[in-house]
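Chain residues, written in single-letter form:
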Amino acid sequence: HESLRAALVNLLLNGIDAAGRGGTVAISATSDSGRLALAVEDTGAGPPESLRDTMLDPFVTGKPEGIGLGLAVARAVAEQHGGSLTWERRGDRTRFAILLPEAKI
């Protein structure tokens, strides 16, 4: 499950970067209807509107120093484990979640 750990660490580092100084980041694991959600939420501004539809694709980034592979790799890892990677804005927070079938854990 090293790849899952690496994907979650990537989401966590992205959240820390997005939240910035004075921001907050929360990590959670929840179970619902046979699915496990490993989620990272941050108080950053969220992804730019222009990237929201494509940011999970390879080589798409809003960071000047980024190459745009972190989210694409996290999505690929989730899919390799029979799951998916989702994101949403909830009020003033951005939430990325790796959703997995519980039987795969």
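Predicted model only: the values in this text are computed from it and were never measured. (Residues numbered from 1 in each chain as written. Predicted model: local features only at pLDDT ≥ 70, side-chain atom pairs only at ≥ 80, totals over all residues. Heavy atoms only, no water.)

## Some words on the pattern of salt bridges
Right, on to step 1. Under the criterion given, the structure shown has eight salt bridges.
Right, on to step 2. Note that R5 is salt-bridged to E2, the shortest N-O span being 2.5 Å. With R5 and E2 both in helix α1 (residues 2–19), this residue pair falls three residues apart, about one helical turn.
Right, on to step 3. D57 serves as the salt-bridge partner of R75, at 3.6 Å between the closest nitrogen and oxygen. (Salt bridge = Lys/Arg side-chain N within 4 Å of Asp/Glu carboxyl O. Helix = DSSP H or I, 4+ residues; strand = E, 2+ residues; numbered from the N terminus.)

## A few points about the packing of aromatic side chains
Right, on to step 1. Counted under the stated rule, the structure contains one aromatic pair.
Right, on to step 2. Relative to F96, the ring of W87 lies with its centre 6.2 Å away and its plane at 25 degrees, an arrangement referred to as stacked.
Right, on to step 3. On the accessibility criterion, W87 (22% relative accessible area) is partly exposed. (Phe/Tyr/Trp six-rings, centres within 6.5 Å; stacked < 30°, edge-to-face > 60°. Buried < 20%, exposed > 50% of the residue type's maximum accessible area, 1.4 Å probe, protein only.)

## Describing the nonpolar core
Right, on to step 1. Counting residues in each nonpolar core, the largest one holds 17 residues, and the members touching the most others are L11, M55, L56, L71, L85, F96 and I98.
Right, on to step 2. Among the secondary structure elements, those contributing two or more residues to this core are α1, β2 (35–42), α2 (70–80) and β4 (93–101).
Right, on to step 3. For this core, the element with the most residues is α2, which contributes four residues. (Core = buried A, V, L, I, M, F, W, Y, C linked by side-chain atoms within 4.5 Å.)

## A closer look at the pairing of strand β1 (residues 25–32)
Right, on to step 1. Sheet topology note: the β1/β2 ladder contains eight bridges and is antiparallel. Directly across from A29, in β2, lies its bridge partner L38.
Right, on to step 2. The hairpin turn running from β1 into β2, its antiparallel successor, is two residues long, and S33 in that turn takes a positive phi close to 50 degrees. (Pairing = 2+ DSSP bridges.)

Purely geometric numbers; function is a separate question.
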